[in-house]
Structure formats: C-alpha cells, structure tokens
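# Descriptive structure summary
Letter by letter, the chains look like this.
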Amino acid sequence: MFTGIVQGMGRITAVESPSSDFRTHIVELPSEMADDLQIGASVANNGCCLTITRIDGNRVSFDLMAKTLAKTNLGRLKAGDSVNLERAAKIGDEIGGHLMSGHIMAVTAITRIEESEFNRTVWFALPAELKPYILTKGFVGLDGCSLTIGEVTDTEFNVHLIPETLQRTLFGSRKAGDEVNIEIDPQTQAVVDTVMRLMAAQK
C-alpha cells in the first residue's frame, strides 16, 4: 500500500526492451530513498506499484509486463525521463494522503493549466468509465500524488497544486497534453458501487 505522498523523483537511466510486451526500467533513486532496499520490495513509479528486480547502488530495476505498458503512462517513457517515486508504506507510518494500492485504472491527458501567484490549477480530461468516482472534494491519485479534486464538469476535472507539490513532483514541469496515471479512491469506489447496486435492485 501507498499513501500518495511522493518522496522524490527518479531518473530512468536505461530501458531494456527484449520484446514489445516486456520492458525493464532502470531508475536512479534519490540517495535518501535508497536505504535498506530489497529485491522484491514495492515502489510506486508514477503511482504504479512495481517490484524491484535488481539493485545496483541507488540504481534499481523494475520489470513492466504487457498490461502495465498498455494501462499506464510508463510504457511511453524513455531513458532520461523522470518518474514520481514512493516506497511502500510501513505499519505505523503517518498517512499524509490517502491509502492507495498502486493499481492504475486509466490514463488521462492534461487539458489546460491555469497559473496564479501562489498555486497552479491543472485540468484533466474526465474518462467516462471513471466519471461516477470523480467527485468534488474527493480524493484521487494522479501520477502517484494524493490530491483533492476541485471542480468537476461533464468532461473535465481539476486539482489545485501548491508550490511544495510543484517542487517535489513531476507536476512542476507538466504541460497541456501530457498524460498522467489515475487511481481512484477505493473507499469512494466502494460507496458508489454499493449505492448503484442498491438503486439498480430497487428498479
């Protein structure tokens, strides 16, 4: 499990691609994230839960299967690109964001960005299949960041980002057209699905 509090950004130093449906990303972790790493441990890359397969100092390898490549934005990355990173939460850790599984539901594009003096509002296309779960003031995971949803329209939703988030995550360099991974809040999904089942049963 993860909390959606990005701990740092890593740089992809190499991509090994022996076939079209399998890749290995070698990611250089920030030094403060490289302590006590173990093969088999989970690390979220842009919110996607990946397993460490090799360790060489602070360079760590992750294998990406066909479904991961197709379902997330990780399959579009190349050497030199960066990813948001979070190591798996431990029992007793402070949950500063919201509980996340690292299972990406969809990828969506940034449609526009509005700038103000102290923050940035980022608008995203609203995937039709996730529309019931994207609610004003609800939680959403975007590229591994736990964020509060601002406005929601029929086709878009937005989040408001403070300078700290812009500095610590990829959102500081994101632009319109960039694609981000989405994980909806599991508690919201459970409530919405339950209500929808009950309403369907009463018809």
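Residues numbered from 1 in each chain as written. Predicted model: local features only at pLDDT ≥ 70, side-chain atom pairs only at ≥ 80, totals over all residues. Heavy atoms only, no water.

### What about the environment of V191?
In this fold, V191 is placed in helix α3 (residues 186–202). On the accessibility criterion, V191 (52% relative accessible area) is exposed. Expressed as a C-alpha distance, the spacing of V191 and Y133, which sit 58 residues apart in the sequence, is 9.3 Å. (Helix = DSSP H or I, 4+ residues; strand = E, 2+ residues; numbered from the N terminus. Buried < 20%, exposed > 50% of the residue type's maximum accessible area, 1.4 Å probe, protein only.)

### Details of unusual backbone geometry
A positive phi angle is found at D36, which is not glycine, with a value near 55°. We note that N46 has phi near 50°; this positive angle belongs to a residue other than glycine.

### Re a nonpolar patch on the surface
A surface patch of nonpolar side chains, amounting to about 280 Å² of accessible area, comprises M1, I95 and L99. Mapped onto the fold, L99 is located in the loop between β6 (82–87) and β7 (106–115). For L99, a relative accessible area of 44% puts it in the partly exposed group. (Patch = residues over 30% accessible without salt bridge, like charges linked within 9 Å, V, L, I, M, F, W, Y side chains within 5 Å. Areas by Shrake-Rupley, 256 points an atom, 1.4 Å probe, with all protein chains shown as cover. Salt bridge = Lys/Arg side-chain N within 4 Å of Asp/Glu carboxyl O.)

### Some details on the side chain of N73
Relative to the assigned elements, N73 resides in the loop between α1 (66–71) and β6. A polar side-chain atom of N73 sits 3.1 Å from the main-chain carbonyl oxygen of E179. Once residues within four sequence positions are removed from consideration, N73 is found in contact with N46, V107, D143, R174, E179, V180 and N181. (Polar contact = N/O pair within 3.5 Å; in protein donor to acceptor, adjacent residues only side chain to side chain. Contact = heavy atoms within 4.5 Å.)

### Focus: the sheet that holds β7
Spatially, six strands are ordered β7-β8-β11-β10-β9-β12 in a closed barrel, and the strand pairing comes out antiparallel. Within the sheet, the average angular offset between the axes of one strand and its neighbour, ignoring direction, is 45°. Bridge analysis of β7 against strand β12 (residues 179–184) gives four bridges, and the strand direction is antiparallel. Among the inter-strand pairings, A109 is bridged to a residue of β12, identified as E179. (Pairing = 2+ DSSP bridges. Axes fitted to C-alpha atoms, helices over the stretch in contact; angles between N-to-C directions.)

### Digging into the side chain of D178
As for its placement among the helices and strands, D178 is situated in the loop between α2 (163–168) and β12. By relative accessible area, which is 15% here, D178 ends up buried. A distance of 3.0 Å separates a polar atom in the side chain of D178 from the backbone nitrogen of K175. Residues within four places of D178 in sequence aside, it is in contact with T108, A109, I110 and S173.

### Overview of the pairing of β6
Pairing of strand β1 (residues 8–19) with β6 involves four bridges; the strand directions are antiparallel. If you follow M9 over to β6, its bridge partner there is N84. Pairing between strand β3 (residues 42–45) and β6: three bridges, direction antiparallel. Bridge pairing links N45 to L85 in β6.

### As for the pattern of salt bridges
When the charged atoms of two side chains lie near each other, side chains of opposite charge can form a pair. A complete count under the given rule lists 11 salt bridges for this structure. The partner of D154 in a salt bridge is K131, and the shortest N-O contact between them spans 3.6 Å. Of this pair, D154 sits in the loop between β10 (145–152) and β11 (156–161) while K131 sits in the loop between β8 (120–125) and β9 (139–142), and the two are 23 residues apart along the sequence. In this structure, a network of salt bridges that share partners links the residues R112, E114 and E156.

### Describing the sheet that holds strand β5 (residues 59–65)
Taken in spatial order, the six strands of this closed barrel run β1-β2-β5-β4-β3-β6, and their pairing is antiparallel. Pairwise comparison of adjacent strand axes, ignoring direction, gives a mean angle of 45° for this sheet. As judged from the four bridges shared by strand β4 (residues 48–56) and β5, these two strands associate in the antiparallel manner. Looking at β5, one finds that R54 is bridged to S61.

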